[in-house]
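Here is what each chain is made of, one letter per residue.
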Amino acid sequence: MNKEIHHLPPHKNFEIDVLRLDLIHPEYGGNKFFKLKYNILKAKEQNPDSIILTFGGTHSNHIYSTAAFCEEHKIKCIGVIRGEESMIINSPTLQFARKKGMLLHFVSRNEYDGKNEKSFREELKKQFGNIYIIPEGGNNSEGVKGCAEILTNIPFYDYVFCACGTACTFTGIYSSLKQNQIAVGVSVLKGENELINDLNKYADEFQFKKLKETINYPISTSCILNNFHFGGYAKHTQELIDFKRSFETNYKIPLDYVYTAKLFYAVYSLIDNSKLLPNKKLLIIHSGGQQGNQAYEQRYKINM
Ligand SMILES: *Cc1c(COP(=O)(O)O)cnc(C)c1O
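Residues numbered from 1 in each chain as written. Predicted model: local features only at pLDDT ≥ 70, side-chain atom pairs only at ≥ 80, totals over all residues. Heavy atoms only, no water.

1. Some points on the sheet that holds strand E4 (residues 77-82)
Working step 1: Spatially, the four strands line up as an open sheet ordered E5-E4-E3-E6, and their pairing is parallel. In this open sheet, the two strands that pair with only one neighbour each are strand E5 (103-107) and strand E6 (131-134). The mean angle between the axes of side-by-side strands here comes to 25 degrees, regardless of whether they run parallel or antiparallel.
Working step 2: Packed onto the sheet, helix H1 (residues 32-46) meets strand E3 (51-56) and E6 and runs at close to 160 degrees relative to E6.
Working step 3: The strands touched by helix H3 (residues 92-99) are E4 and E5; relative to E5, the strand with the most contacts, the crossing angle is about 135 degrees. (Pairing = 2+ DSSP bridges. Helix = DSSP H or I, 4+ residues; strand = E, 2+ residues; numbered from the N terminus. Axes fitted to C-alpha atoms, helices over the stretch in contact; angles between N-to-C directions. Contact = heavy atoms within 4.5 Å.)

This is the structure we're talking about:
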């Protein structure tokens, strides 16, 4: 696999590189490839006729990538979508998924919230047969195992930054750190420390030291930051939009609104506010997500 590293101009004595996972593949590039890899292998191993079933919202990058990846691997897939079928018209993501052959199954918000309950899963099994379930966001052991390969064959950086939704990606990266390497996750959701608890559940299986909840500045140990969510998941402020626009103009690297804009903003903010140890080499993981930009701009009437 071809992992491209792009250099950004040094900023205040920090070398900044970007690992462009978004360029791995035009359709399922980004972190989702790593989450899907071992899940699809396991599904096929269990039964060559397995049907992948997974969950997501109307604009989900995970749904988009799963549909494309499954088509390429000639494996059937079902997307359980929170919302109504009428939402398809306003969702290029769902239109794409359907075009790729994914069967879309719409459920109410209530049903969706119960997606991890045994009864709901039994119901889905009854309805669809031989399903292999991948949780929302691909956050399971196979997902972590895949994400532990993100830094494979990448040179040493003092800090590795990534965006966190479920923190599956962060968990994989954290589990694969070399000595003296620090991983910094930037949560795009509101909420304190929930992600740390989720991460720490994998500590025994992947043999890593549990993360602590407190963060000391300058950052000298791995942590997940909760202060760059800009109001919550898929929310933004004008400042974030302005940052994204000027970053893209200056450096020709496209970002997405939900994850990477907040991630890159956080890195520059940490540097400018002296929250990092000085003169270090930084790697920012570009996890993709640009597929959702157009619909996001329409929804919020953002004029690029
Ligand atoms: C899904 C996604 C994430 C979040 O990954 P987690 O493993 O759930 O934390 C980050 N960035 C992009 C672009 C994504 O699509």
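Once you've had a look at it, read on.
2. Considering the state of the cysteines
Working step 1: With the rule as written, the count across this model stands at zero disulfides.
Working step 2: Cys147 carries a free sulfur, and the closest cysteine sulfur to it, the one in Cys168, is 4.4 Å from it.
Working step 3: Judged by relative accessible area, which is 0%, Cys168 ranks as buried. (Disulfide = S-S within 2.5 Å. Buried < 20%, exposed > 50% of the residue type's maximum accessible area, 1.4 Å probe, protein only.)

3. Quick word on unusual backbone geometry
Working step 1: In this model, Tyr217 is joined to Pro218 through a cis peptide bond whose omega is -5 degrees.
Working step 2: In this fold, Pro218 is placed in the loop between helix H9 (203-206) and strand E9 (223-225).
Working step 3: Positive phi values are uncommon outside glycine, yet Lys12 reaches one of about 50 degrees.
Working step 4: Along the chain, Lys12 falls in the loop between strand E1 (5-11) and strand E2 (14-20).
Working step 5: Positioned with a positive phi, Ser274 is a non-glycine residue whose angle comes to about 55 degrees.
Working step 6: Residue position: Ser274 is located in the loop between helix H11 (260-272) and strand E10 (281-286).

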